[in-house]
Amino acid sequence: GSNNTHSPERPLAHLTPSAGWMNDPNGLFYDNETSTYHTYYQYNPNDTVFSLPLYWGHASSQDLMTWKDHGVAIEPRDDQSGAFSGSIVVDHNNTSGFFNDSTLPGQRIVALYTEHSNTSETQYAAYSLDGGYSFEYYEQNPVLDINSTQFRDPKVFWHDETQRWIMALALSQEYKVQIYSSENLTSWEFQSNFSHHGILGYQYECPGLAKVPVIHESPSNVTLHGLNSTTNATAQTNVTSVDHKWVMFLSINPGAPMGGSFNEYFIGDFDGKTFTAQDSATRIFDHGKDFYALQTYSDAPNDDVLGIAWASNWDYGAYVPAEDYRGSMSLVRNFTLRPYNPNPETTEFTLYSEPLVNYTQLHTNQSMHKTSLELNSDESVLYRLGKYPQGLLEFSVEWKVNATAVLSKRDFADMSLYFKGVKDDEEYLRLGYEHNAAAFFLDRGNSEVEFVNQNPFFTNRVSQNIEPFKIAEDGLPIFKVRGIIDRNLIELFFNDGSSTSTNLFFLSEENYIGAVEITSGVDDVFTILDFDVKQLSV
Ligand code: FRU
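Residues numbered from 1 in each chain as written. Predicted model: local features only at pLDDT ≥ 70, side-chain atom pairs only at ≥ 80, totals over all residues. Heavy atoms only, no water.

Novice: Before we move on, can you summarise the pattern of salt bridges with the specific residues and values?
Specialist: In this structure the tally under the stated criterion is 21 salt bridges. Close ionic contact of Asp-324 with Arg-10 constitutes a salt bridge, the shortest N to O distance being 4.0 Å. Pair noted here: Asp-324 is in the loop between strand 19 (305–310) and strand 20 (325–326) and Arg-10 is in the segment before strand 1 (20–31), with a separation of 314 residues, a long-range link. For Asp-324, a relative accessible area of 35% corresponds to the partly exposed category. Here the salt bridges share partners, and the residues they tie into one network are Glu-121, Arg-152, Asp-153 and Glu-205. (Salt bridge = Lys/Arg side-chain N within 4 Å of Asp/Glu carboxyl O. Helix = DSSP H or I, 4+ residues; strand = E, 2+ residues; numbered from the N terminus. Buried < 20%, exposed > 50% of the residue type's maximum accessible area, 1.4 Å probe, protein only.)

Novice: Lay out the layout of surface pockets in plain terms, naming residues and giving numbers.
Specialist: Roughly 790 Å³ of volume is contained in the largest pocket. Lining the largest pocket are 29 residues, and of these Phe-157, Trp-158, Ser-298, Asp-299 and Asp-303 lie nearest its centre. Only strand 5 (82–90), strand 9 (151–159), strand 13 (204–215), strand 14 (242–252) and strand 19 provide two or more residues apiece to the lining of the largest pocket. Its residues placed into classes, the lining of the largest pocket shows 14 nonpolar, seven polar and eight charged. Taken as a whole, the second largest pocket spans an internal volume of roughly 440 Å³. A class-by-class count of the residues in the lining of the second largest pocket yields 14 nonpolar, eight polar and seven charged. The two domains that each donate at least three residues to the lining of the second largest pocket are domain 1 (20–314 + 326–355) and domain 2 (362–537). (1 Å grid on protein atoms, 1.4 Å probe; cavity = no way out; pocket = protein on both sides within 12 Å on 5 of 7 lines; lining within 4 Å. Points joined across faces, edges and corners; volume = space filled by probe spheres on them. Nonpolar A, V, L, I, M, F, W, Y, C, P; charged D, E, K, R; others polar. Domains from an automatic or database assignment.)

Novice: How would you explain the nonpolar core if you had to name every residue and give the values?
Specialist: Across soluble globular proteins, nonpolar side chains have a tendency to be buried as a group. In terms of nonpolar packing, the biggest core is built from 39 residues, with Trp-399, Phe-419, Ile-485, Phe-526, Ile-528 and Phe-531 touching the most fellow members. Of the residues forming this core, the biggest block, five residues, is contributed by strand 25 (residues 392–401). When sequence neighbours within four positions are dropped, the list of residues in contact with Ile-528 reads Thr-371, Ser-372, Leu-373, Leu-375, Val-397, Glu-398, Trp-399, Met-415 and Ile-518. Listed in part, the 24 residues of the second largest apolar core include Trp-21, Tyr-41, Ala-293 and Val-332. (Core = buried A, V, L, I, M, F, W, Y, C linked by side-chain atoms within 4.5 Å. Contact = heavy atoms within 4.5 Å.)

Okay, here's the thing in structure tokens:
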């Protein structure tokens, strides 16, 4: 059945389990025979918290906004174990020998995942003869066993250059991403360790390697982003040239700088055996608190690098308000590497993220568009978003900062957007930019919800510095943010996605966002060049 009609707090356009517990995304692949995205996930159907036995749940979508639930796809060996995280590849050429002509090449899928128990973690293979709805377990499992209890989360992909399957997985507590290769998906040969890179935290989890398109174009010239883009982002880009760099994704838990779990990445090169980082930098994937265990889709259209993450944090994921289910995924995002300027003296590549919002699948119930709004401290602008908002909205704001205005460092020179509850406007989300710090902030703490006020790990405020999106003709910097709010999840894309921030938030029941108030703490500093907000429903 469909997930979209359930309880009043369930996100509308994000994947959630119909009941039970969800964590990491698993086995992501695109079936190009039927144009269907398949998303599996760590699933406990028996409770709304993590516990063994743990399964792979399964959902599919053609529009990336609505998901069909297919229940359990992969089972653990027994009740004391878990079918832990892993990935799926499409074995078009039947290198595994699992298939015959009765399975279409684009549906010859093989899952590689970790069979976990308290005494071992080994890698298992399973395959599907019906396009991903049911699985057969390889008879000679495990396919990889190094006698470890902390060895998991295989991400497999086809490496064209060496004509081999490559597996990256975590030797978690030795801080190693191990790389193996295979010709048939069942016998695996060790290639290299990527070891002691990045923020280490307690352990490494859910690594991934992907060949990401490099777009040689200044982001400010890219016009496709923003409210009018459709699902097929790269196809519309006016790209001057494209090549690729390899990106290693890595999940850390616990031990994130902001608490709990987070994703980092490294840019570099991969020769089929070894990943070599281009520099010693650790790059933060998402600056919010709720973006973990990112995985990319196998066989995505146009060779795009599309990925999805669990939108929660292991510090408090088991305690967030829930009725019959807990956990949701981020929107699917498209990743590219583009040049940007973290400061005026450096130009380098960073990972851009763009959410795939499928507008043909969403109804716009109300929308508002404003230009040229000068902000002052003694007046604010309030926009109401209709009487019956459903909790799904999208906005974008582009503004210019008059950096020559006379300001004291003592001034809290902010521009703030208050997203207010429709039933009770004392509950709100506050998103702002402060000029002296040149940083954004998000405050999710203005809520009556007990969990928000009582769970010490659910920290209310996140912030991040941000580079100008572009410089106006008069020399003043322009910034931009796009956001998608879906009931209890806010995803922010700064400056066309050069950085992102994904965060859960909880207001009282059905107190959906019903108005936006824009304020400034100072005079003559902020001009809103463009403000757009849409109330949406699925
Ligand atoms: C990451 C993780 C993985 C493991 C899975 C278990 O969130 O701990 O390392 O495979 O979750 O559900």
